[in-house]
Structure formats: C-alpha cells, structure tokens
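Architecture and fold: a report
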Number of protein chains: 2
Amino acid sequence: MDCYDAAEALSRPEIAQLQIGRLRRSLAQAAQSPFYARRFAEVGFDPESVHSLDDVGRIPFTTKQDLRDSYPDAMLALPHSEMVRMHASSGTTGTPTVIYHTQKDLDWWASLMARCMYMVGLRRTDVFQNMSGYGLFTGGLGIHYGAEKLGCLTIPAGAGNSHRQIKLLTDFKVTGIHIIPSYALYLHSIFAEIGVDPRDLPLRVALVGAEPYTEEARGRLQELYGIKAYNSYGLSEMNGPGVAFECQEQNGMHVWEDAYLAEIVDPATGEPVAEGELGELVMTTLGREGMPVIRYRTRDMTRFLPGQCPCGRAHRRIDRLHGRCDDMLIIKGVNIFPMQIERVLMAMPEVGQDYQIVLERDGYIDNIRVRVEIRDEFFVEDMRQLGALQKRIAARLRDEILVTPKVELVERNSLPKTEGKASRVVDKRESGA
Amino acid sequence: MDCYDAAEALSRPEIAQLQIGRLRRSLAQAAQSPFYARRFAEVGFDPESVHSLDDVGRIPFTTKQDLRDSYPDAMLALPHSEMVRMHASSGTTGTPTVIYHTQKDLDWWASLMARCMYMVGLRRTDVFQNMSGYGLFTGGLGIHYGAEKLGCLTIPAGAGNSHRQIKLLTDFKVTGIHIIPSYALYLHSIFAEIGVDPRDLPLRVALVGAEPYTEEARGRLQELYGIKAYNSYGLSEMNGPGVAFECQEQNGMHVWEDAYLAEIVDPATGEPVAEGELGELVMTTLGREGMPVIRYRTRDMTRFLPGQCPCGRAHRRIDRLHGRCDDMLIIKGVNIFPMQIERVLMAMPEVGQDYQIVLERDGYIDNIRVRVEIRDEFFVEDMRQLGALQKRIAARLRDEILVTPKVELVERNSLPKTEGKASRVVDKRESGA
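Residues numbered from 1 in each chain as written. Chains lettered and ligands numbered in written order. Predicted model: local features only at pLDDT ≥ 70, side-chain atom pairs only at ≥ 80, totals over all residues. Heavy atoms only, no water.

1. Some remarks on the packing of aromatic side chains
All names here are of chain A. One pass over the structure, following the stated rule, counts 15 aromatic pairs over all chains. Measuring from centroid to centroid gives 5.0 Å for Phe-40 and Phe-45, while their planes differ by 75°, and the two rings are edge-to-face. The same class applies to Phe-40 as to Phe-45, namely buried. Three or more aromatic residues joined by ring pairs make a cluster, and in this case those are Phe-35, Tyr-36, Phe-40 and Phe-45. Seen from the ring of Trp-256, Arg-115 lies directly overhead, with NZ or CZ sitting 4.6 Å from the centre. (Phe/Tyr/Trp six-rings, centres within 6.5 Å; stacked < 30°, edge-to-face > 60°. Buried < 20%, exposed > 50% of the residue type's maximum accessible area, 1.4 Å probe, protein only. Lys NZ or Arg CZ within 6 Å of the ring centre and 35° of its normal.)

2. Focus on the pattern of salt bridges
As enumerated under the stated definition, the model contains 69 salt bridges over all chains in all. Where Arg-392 of chain B meets Glu-350 of chain B, a salt bridge forms, and the shortest distance between an N and an O atom there is 3.1 Å. Note that Arg-392 of chain B is positioned in helix H10 (residues 383-401) and Glu-350 of chain B in the loop between helix H9 (338-346) and strand E16 (351-362), a separation of 42 residues in sequence. Taking the relative accessible area as the measure of exposure, Arg-392 of chain B reaches 35% and is therefore partly exposed. A residue is classified by how much of its surface remains accessible, and Glu-350 of chain B, at 10% relative accessible area, is buried. A cluster of three or more residues bridged by salt bridges with shared partners is formed by Glu-215, Arg-218, Glu-246 and Arg-320 of chain A. (Salt bridge = Lys/Arg side-chain N within 4 Å of Asp/Glu carboxyl O. Helix = DSSP H or I, 4+ residues; strand = E, 2+ residues; numbered from the N terminus.)

3. What about the side chain of Glu-257 of chain B?
Residue and element names in this part refer to chain B. Structurally, the position occupied by Glu-257 is in the loop between strand E9 (253-255) and strand E10 (260-265). Exposure remark for Glu-257: the relative accessible area of 1% places this residue in the buried category. Here Arg-12 takes part through its side chain, which lies 2.6 Å from a polar atom of the side chain of Glu-257. Leave out the neighbours within four places in its chain, and Glu-257 touches Arg-12, Ile-15, Gln-19, Leu-286, Ala-314, His-315 and Arg-316. (Polar contact = N/O pair within 3.5 Å; in protein donor to acceptor, adjacent residues only side chain to side chain. Contact = heavy atoms within 4.5 Å.)

4. A few points about the packing of helix H8 (residues 215-225) of chain B against H9 of chain B
Each packed pair of helices is defined by two parameters, the angle between the axes and the distance between the axes. Residue and element names in this part refer to chain B. For the pair H8 and H9, the least separation of the axes is 7 Å and the interaxial angle reads 45°. By the angle between their directions, the pair H8 and H9 is classed as oblique. Seen from H8, the contacting residues are Glu-216, Ala-217 and Arg-220; seen from H9, they are Glu-342, Arg-343 and Met-346. For the contact of H8 with H9, the class distribution of residues is two nonpolar, no polar and four charged. (Axes fitted to C-alpha atoms, helices over the stretch in contact; angles between N-to-C directions. Parallel < 35°, antiparallel > 145°, perpendicular 65-115°, else oblique. Nonpolar A, V, L, I, M, F, W, Y, C, P; charged D, E, K, R; others polar.)

5. Focus: the interface of chain B and chain A
Between chain B and chain A, the residue contacts involve 39 residues of the former and 39 residues of the latter. Counting each side, the surface lost to burial between chain B and chain A is near 3,200 Å², with a carbon and sulfur contribution of 61%. For the chain B face of the interface with chain A, the top three residues by lost area are Glu-148, Leu-153 and Phe-172 of chain B, together amounting to 18%. At the junction of chain B and chain A, the tally comes to four salt bridges. Between Arg-124 of chain B and Glu-82 of chain A there is a salt bridge, with the nearest N and O atoms lying 3.4 Å from each other. Linking chain B with chain A are 19 residue pairs in polar contact (both at pLDDT 80 or more), by the criterion used here. Of all the secondary-structure elements, those providing two or more residues to the side of chain B that touches chain A are strand E1 (83-88), strand E2 (98-102), helix H4 (103-119), helix H5 (138-150), strand E4 (153-155) and helix H6 (162-171) of chain B. Counting residues per element, the side of chain B that touches chain A draws most heavily on E1 of chain B, which supplies five residues. Counted by class, the side of chain B that touches chain A contains 21 nonpolar, eleven polar and seven charged residues. (Buried area = accessible area lost by both parts, 1.4 Å probe.)

6. As for unusual backbone geometry
Across the chain, the bulk of peptide bonds are trans and the bulk of non-glycine residues have phi less than zero. Residue and element names in this part refer to chain A. The omega torsion of the bond from Tyr-71 to Pro-72 falls at 0°, within 30 degrees of zero and hence cis. For Lys-173, which is not glycine, the phi dihedral falls at a positive 50°. As for its placement among the helices and strands, Lys-173 is situated in the loop between helix H6 (162-171) and strand E5 (176-179). Residue Lys-173 is classed as exposed on the basis of its relative accessible area, which comes to 54%.

7. Examining the environment of Gln-340 of chain B
Mapping Gln-340 of chain B onto the fold places it in helix H9. Taking relative accessible area as the criterion, Gln-340 of chain B reaches 15% and is therefore assigned buried.

8. Section: the pairing of strand E18 (residues 406-410) of chain B
All names here are of chain B. Note: strand E17 (residues 365-374) against E18, five bridges, orientation parallel. The residue bridging Arg-369 from the neighbouring strand is Lys-406, located in E18. Since E17 and E18 lie parallel, the crossover through H10 that links them has a hand, and here it is right-handed. (Pairing = 2+ DSSP bridges. Right-handed = clockwise from strand over helix to strand, strands pointing away.)

9. Some remarks on the domain arrangement of chain A
Residues and elements named next belong to chain A. Annotation of chain A at the domain level lists domain 1 (1-325) and domain 2 (328-427). Here the C-alpha centre of domain 2 lies 30 Å away from the C-alpha centre of domain 1. Contacts between domain 1 and domain 2 engage 22 residues on the former and 17 residues on the latter. Here domain 1 meets domain 2 over a buried area of about 1,600 Å², counting both sides, of which 55% is carbon and sulfur. The largest share of the area that domain 1 buries against domain 2 comes from Thr-214, Glu-216 and Arg-220, three residues that together contribute 33% of it. In this structure, the connection of domain 1 to domain 2 is made through zero salt bridges. (Domains from an automatic or database assignment.)

Rendered as structure tokens:
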C-alpha cells in the first residue's frame, strides 16, 4: 500500500487507540469555547468522564441550529487572534453557519486533502484543474490547498466559462480535475459542440463531490471522459472536502479516522444503528484546535460498509450518500429519497442526462410525476414504442420506491438546465391543503 | 521603522548590492528556459557579461507578445514538475499569457504581500475581508495568501453579492479589506440603501488596486468609509499584487527592490528617461525561480518619485499610474490619458461618482465628449446654472488636456454601471474614415 502519510496506514487497533486519545483532547479543547462550556454544563456532561469509545453515546450532539445559535464565534476554543481563515455557509435565509481555522488547522486540512489525491493516483507531476468556485465555499480553497500541498501544478480555474475550461484542459495537458457531476455532463455537451473528444486528452482522474449522484451517473461520466471518477465526501462543518474519499477500489469512501470520529445513528432516536444499517452520519473533529465540533448531526444518510477494503486501508468506508434526512420525500406514506429514482433512471440506456421529480397533490392524494429526458435515438415517432418505454420506466421505479409514479418522456434539452448543483425536485403540493 | 522583515529595512547601497547579485542569478536562471536561451543567443547577449547595474541597458526586453509566443511553457526555467501554481490572463482574444510558480515562488510572493499589509498597519489580530474574485486572476489568491501569511483572520468573500459583503463586514468586525475602487463606491450606495453608515464600523484599512483611479477618488473613498486607502501595484507577469505598495505616508508606492528591478524607459526608444521623468515601467523578477521574467515592458506609465520617503524605507517609490501606453488617446494631435480627465472631474464637488469619455469623429476631425454625472443637489432646474457648470468643467479639462471637450451633464445612475473594472472610454470613431 503506497501511502501519503503514516496515519493512512494505521491498523484498526491503532486507529481506535489514536481516536480515544484525540477524542479526549478534542473534548477538553471544545470545553474552552463559550458554547460547549455552557452546553456541557447544561446537560451535566463531564468531558473528563470519557475514557473509552464506548462512552461516546453520552456526549451531547451538536446540530446545525447549535452552529447558528453560536453565531458568530461562540464555538471558538482559542483566542480569536489565532484564527486565519473563516468559511461561512451561503445560507441566504436565516443566520449563516461559520467555521474558523487556525494555521495548524489549515495545514492539517490540506494534508488530509493531499492524502485523498495521492490515494487515487495523483502525484506532484500531475496537472490539476480545480473547476470549483472559490471564496467562502470550502470546495474551492479546500481542494486547491490539497493539490498544492501534494505539489501538483494547480490551475485555479474556478467555476463556469466552459470554453476557457476546455482550452485549459487541452493546452495544459491536465491530468486531474475537480468537478461537479452535473457540470461534467454539461461540459461534455460543449466538448461535443466544438468537436473535441475529451477521451483523447491526457485527463485520467476526476475528484467528484459536492452533489449527490448515482453509481450509474458515475459510469457515464467515466465513459464520456475516459477517466476514473472518485467520490469525495465533505462538509464545511468538518472543514470541507477531505473528510472521506474513495480509494482506487471505488467501493465506498474511507473516512479519515485519525482526523474524524464517525458514527451512524437513527435520525429519530439518536441511538446507534445496527452494524451496516442505514442511518444519519454523526461526525466529531479529532484534531481541529480552533473550533472543535463534537458529534455533529450531518443530516446525511449513509451506512458503514462491512468488511476490509481490498486496498488495505483500515479506515472504515461509508456508502455513497442516500440523500439527506431532510430531503426524504413522503409519498402515500412511503419514504422516498430522490437518489433512488436517479439510480433507476441512470441504469436505463434510453434515458438521457436529465430528469425532474414533480410532487403534485390531486385532492387529498399526493402523486409523484417523473419527467425523463430520452436520448435522441430512442425518441422515435412510433407512439407504441414510446408508450412501452414509459411503462417500463414506471414499473422499474415502482419496484424501487414502492409507489407507481406518473412517467412523462421529454426530448433532450427540454428540462431546465443548471450549471451548478442540480435541484431536481419540484414540489407543487400546496402547503396545508 | 517597524518592519515585517529585514529586506524591507535595507539601505540604498545594500539594495544595490543585493540587486546586482540577484540579477546575475536571475539571468543565469532565465537562460535555462527555452525562450531566453534562444533570445539571448539571437541577440548575442551573454548573461555572464552583466557585472553591474549599469549593464542593465544591454539586456534584451521581454514583451507581452514574447509571453504569448512562449505559450504555454517556453519560459519555464525549472522542470515542469516543480511548478505548483499557474495563473493565466483572462484574455478572451488571442493567446493568453501564463505565469508559473514553484512552492518557493509562492512562499516569497506571500511574504512580499504580507510585508505590504504589515506596512499599512495590519497585524495578525486584524480581520481581513478579500472582496476580490479568486481563480486565475492573481488579485484574489495573491492577497489571500498574504493575509493568511500575516496571520489575519481572512474572509475569502470573493467578488459580488453586495448584501452579503456588508453582512460579513458588519458581523465579523472587519478591520481591513481588499476592494476595487469603483466597487467600493458602488457598495457605498448599497450601504446607503440599507441605512448603515460604514464609518460606524471598525473598518480602518483598505487595500486598493486593480484599476487606475485618482487621488481625488481616493479622498472620497476614505471620506465615505472613514478609512485609510492604500494603493497597490501589481501585475500577473510579476506575480500579481505585492510588487509596489504605499506606506502610511500615502505618497507613492515603494517597489520591493529586493524582489524586483524596476526601470523607467521612454516607451518609444526603450532608453532610460531622465531622473523623475514619466515613462514606461520595466520590471525584472529578482527571485522567481520557476519562471524568471527579464526587463518586462509593463506598458504602465509612471515615474520614480524623487527624494527619501519620510517613512524611512529606501525602496524607491513609483508615482500612481498615469495610464497605460496603450490607453493613450490621440485627439487633435494631443496625447491624452483618461486618468487626466478623471483627476479633473473628481476634484470638483459637483461631480458624482461616474463619467464616460466618448470619442467621436466629425468629418475628418476627432472630438472628445465627456459625459459627467452630477450630484443630485447640484442638478437644479435652473438651466443657466447648469450651463455655467458645464462651461467650468470644459475649461478645467481644457487646462489639463489642452483640448476643449464637449461636456454633457447627466443625472445620477444614468451612465452604465460596472461592478468590476470600470471601462469608461467609448470610441465611436470609425476606423479608417
């Protein structure tokens, strides 16, 4: 196993031993902040009382609302003057959430990110184009610092300006990129317009994160660009990118357990789920000195993948995200994640690159309508063939989500396009109707 | 003199001694690149033949076109794998110009930038909001790395989103900002809209660069925000920001002569101008290892300010830019820089925050029309008063540019606004008429 640093190669017992020491230190550090000092006192929690990882369940959770309540700086565990970076959520409604970093925190974050990139085969000789927006969004600077730390020639391309992106990719023989999946698909249409096949470029690795997408969508991306695409998991509350990352096995994302304590809990009760069950990911920073965050409820639904990864790393893997607790749709009493629908659609060769989920209310009954873009070559004149396709899609979706949706077939480019994060659920149900 | 580092406090003789040593090293380094190896051979220049600063005139110039011709990497003086950053001009027409940096180059650049910020009174306890776009534009990441190096709490706000800028400025008790002058004036109108007076905020220092603006515009900016605004000079060919910067005397920008060799030449002949005369700034990198650039013709018109700066620093000062050689307008045989017009307008209390220069051709005669925004309180109904104002503006402009322009008075907000760099010259002359 070719590792970027020693912590990456730790065994399970070594990880557990490291974690309890760092957790105790992190709790003591958190207790220095006004927020946690009060919170720990309120619930009668003594950070000194944690002696083993079995004690974790007694530690109070931190929620998004707690972060908002601590605005702008009640979670700082060191003097304000020690902080060198601030990231804030874009949250246009309500109070933003803010995360602070010391220089040491930034250095560690960059190392974790460099470790991710090294794991998927990037080296200092690579040319890396970061197509993420910079600024307060952690995906930009987070990946950027990692790439520079690794020593790649880093091109801070930023988001948008597709023709320039393609010129950079081509002229500078770019071998690695950071890109959002929906933008990668959009960019491919621009490649097609100008008559360049990205498979002819030296590009070989994409870091892909920042929005949920399916295994099938990944397959398409890899095929269209002739690359390997690796999934990244991160959230600004835990720095940003570099929290969990796929290895070259492409089978689940290794959580860097020397830096984070990860748990999966039942989102309703907060109790741990059974081994391998789906639940809400809960994360604790184990090394951030400026602003430790303890048992953070991410709202992201996933599970630990069982067994040892063939790559040899002992850091546990989480499954790709099954959506957010908050994204869950309830239709006719059934819990549905939009990801389930995407997974079914993207597995069908007739389906194009876009779809939309429309929730409607007919009297007192909720319905789900799925508008599906069909590839040109399947958009035939023969209505019977289209009708059969429509039925086939509806049946496969019913098998997955247990509800029969209305399926509407649409032509290529007839659904609204987004260059950024795809937002594909439209809720037309009147509230309180 | 309170300095960030030792090189900042060097005496004149020490600077000269340092410069010749570093120039010789830089020439030898440049000769490692395919571009300079060929160029030096072509013109029969032997880098070893430079023994004193008096030999500088024998060294060949580098032009913007040379940078384009060396696209994408013929000016690299070290192996490609040593490079960790690339910046490219946004140039939508023609070949972009590209600058590469090694990690050592980035570290030095950040130190020079931190030195600028320290010089104007910023410290690690300050909160610094960078309102510059990030990505390939060097103003964003250049200032960002400097602020972090200094240890300020750095808020990577990026460009645009004025309401969020104001929320960050207010909520995080920001004390230093990086802002483009025209955007600062625009942002003030948003402050006014929401009824917040920026003079009530703890803000005290603005770093101002990236577009030419006048002393009068600076005065307004300082008055409106209750701050000190310091001018910055930089260009991506010499890294970006951090090349020359004002000290607290606000009287010319100190060129960091330990890092750059600066000359002023006649743009037509390339010969040095007399001491203190206006000419084109020519710059040489004295420490960049990845991609040295030798005697670069910046096209920027300025001059060395005579005498010793009261601050005590011996690094020579350049005057604020008098425009670019390429921006020079020729009207009725007279050379005019748009900056001259701005300087006159901004000194008049009746004039608002915007203006436009329109070049027209009437038969065979070129005319210049200046459209001037007038402040509400001066935009009176009495035509005679407006007529008198119009004449007064025309007379003052004629005194400065030696040509009588047509002056048109317009109401506030009636000229096209730009959030970014102001582009205020509209050339309506038909080419070849």
